[in-house]
Amino acid sequence: MLRKKYETLSIILFLLIVLPIAWLAATGISMAGTSQCQKCQGANSHALNISFSELHKSPESFANQIIRVDAVLSNDAGYIFLHDPNNSNSKILMPAGFGKEFASCPATEKAMSFHSGVGTWYDGQARSVVIGKYGIIDDRREFHTGQMGLTLLCVETVKPINSLSSVPINTIRYAMGRIGRLIFFH
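Residues numbered from 1 in each chain as written. Predicted model: local features only at pLDDT ≥ 70, side-chain atom pairs only at ≥ 80, totals over all residues. Heavy atoms only, no water.

Chemist: Sorry, what's going on with the overall build of the chain here?
Modeler: What the chain contains, in helices and strands, is five helices and six strands. Listing each helix as α and each strand as β along the chain from the N terminus yields α-α-β-α-β-β-β-α-β-β-α. Counting the 186 residues in the chain, one finds 44% classified as buried. When the accessible surface of the chain is totalled, it reaches about 10,300 Å², and 60% of it is carbon and sulfur. (Helix = DSSP H or I, 4+ residues; strand = E, 2+ residues; numbered from the N terminus. Buried < 20%, exposed > 50% of the residue type's maximum accessible area, 1.4 Å probe, protein only. Areas by Shrake-Rupley, 256 points an atom, 1.4 Å probe, with all protein chains shown as cover.)

Structure below.
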């Protein structure tokens, strides 16, 4: 009886851990993050490098300029926020949205979905280098449209916040979402 219980538990663990990791390997999502996206090169050449704290202290001074910011990109029920990557306890958030001219590499978009949950059913965070313009957000998904914040033009890089704790659970959540889409929407 006890042996049967352990066999069942082993099968469940296999399904929850090994299969999602194999799925990710097959879909090409990097656990370590992405290298710099080549589609960002156009916006990249004109971007002013600033820190998140500089942007937060004086956002109006960067209005309508193309800027590059290293930040934590947070997805909360489809609402996108940026916050300081150097202060994990920071409650200072800046609304962000994906502009109509948003362009990003497929690998970067997959990593952003995997690590932060953007475009999926779960919430999350990812360390990201983004290029955008500060001003009134014109979000193609209409979540923050009309608010002041950063309209994202491109996401250059995406990395997990803490790969030891976030990657295993994100692997399971991402794979469950993908499998669910295959079963229910195809």
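Chemist: Would you mind going over the pattern of salt bridges with me for this structure?
Modeler: The final tally for this structure, using the stated rule, is two salt bridges. Of the charged contacts, one joins Glu156 and Arg68 as a salt bridge, the two residues approaching to 3.1 Å between their closest N and O atoms. One end of the pair, Glu156, is in strand β6 (residues 148-160); the other, Arg68, is in strand β2 (residues 66-76), and 88 residues separate them in sequence. Its relative accessible area of 13% is what places Arg68 among the buried residues. (Salt bridge = Lys/Arg side-chain N within 4 Å of Asp/Glu carboxyl O.)

Chemist: Any chance you could explain the environment of Ser61 here in plain terms?
Modeler: You can see Ser61 is positioned in the loop between α3 (52-57) and β2. For the pair formed by Ser61 and Tyr134, sequence separation is 73 residues and the distance between their alpha carbons is 9.1 Å. A polar atom in the side chain of Ser61 sits 2.7 Å from the backbone oxygen of Ser58. (Polar contact = N/O pair within 3.5 Å; in protein donor to acceptor, adjacent residues only side chain to side chain.)

Chemist: Sorry, what's going on with the packing of aromatic side chains here?
Modeler: Aromatic ring pairs are defined here through the distance separating the ring centres and the angle between the ring planes. Per the counting criterion, the structure on display carries one aromatic pair. Their ring planes at 75 degrees and their centres at 4.8 Å tell us that Phe98 and Phe102 sit as a pair that is edge-to-face. Neither Phe98 nor Phe102 differs from the other in exposure class; each is buried. (Phe/Tyr/Trp six-rings, centres within 6.5 Å; stacked < 30°, edge-to-face > 60°.)

Chemist: Looking at this model, I keep getting lost on unusual backbone geometry. Mind explaining?
Modeler: Glycine aside, negative phi is the norm for most residues, and most peptide bonds take the trans geometry. Unlike most non-glycine residues, Asn64 shows phi in positive territory, near 60 degrees. Within the secondary structure layout, Asn64 lies in the loop between α3 and β2.

Chemist: Honestly, a nonpolar patch on the surface in this entry has me stumped. Any pointers?
Modeler: Residues Ile179, Leu182, Ile183 and Phe184 make up a contiguous nonpolar surface patch of roughly 430 Å² in combined accessible area. The topology assignment puts Ile183 in helix α5 (residues 163-184). In this structure Ile183 comes out as exposed when scored by relative accessible area, which is 55%. (Patch = residues over 30% accessible without salt bridge, like charges linked within 9 Å, V, L, I, M, F, W, Y side chains within 5 Å.)

Chemist: Looking at this structure, I do not really get the pairing of strand β5 (residues 124-136). What am I missing?
Modeler: Along any regular strand, the residues point their side chains to alternate faces of the sheet. As judged from the 10 bridges shared by β2 and β5, these two strands associate in the antiparallel manner. Looking at the pairing, Ser74 lines up with Gln125 of β5. Pairing between β5 and β6: 11 bridges, direction antiparallel. Residue pairing in the sheet places Tyr134 in a bridge with Leu150 of β6. (Pairing = 2+ DSSP bridges.)

Chemist: Quick question: what am I supposed to make of the confidence of the model for the chain here?
Modeler: Low-confidence regions, as indicated by low pLDDT, have predicted coordinates that should not be scrutinised in detail. In the predicted model, the chain carries a mean pLDDT of 78, and 72% of its residues have values of at least 70. Element-level mean pLDDT values for the chain span from 62 in helix α1 (residues 2-27) up to 94 in strand β1 (residues 48-51). (pLDDT = per-residue confidence, 0-100.)

Chemist: In this structure, what is going on with the pairing of β6? I would like to understand it.
Modeler: Taking burial as the measure, the 13 residues of β6 include 11 buried ones, the bulk of the element. Pairing of strand β4 (residues 93-98) with β6 involves three bridges; the strand directions are parallel. Across the sheet, residue Ala96 finds its bridge partner in β6, namely Leu150.

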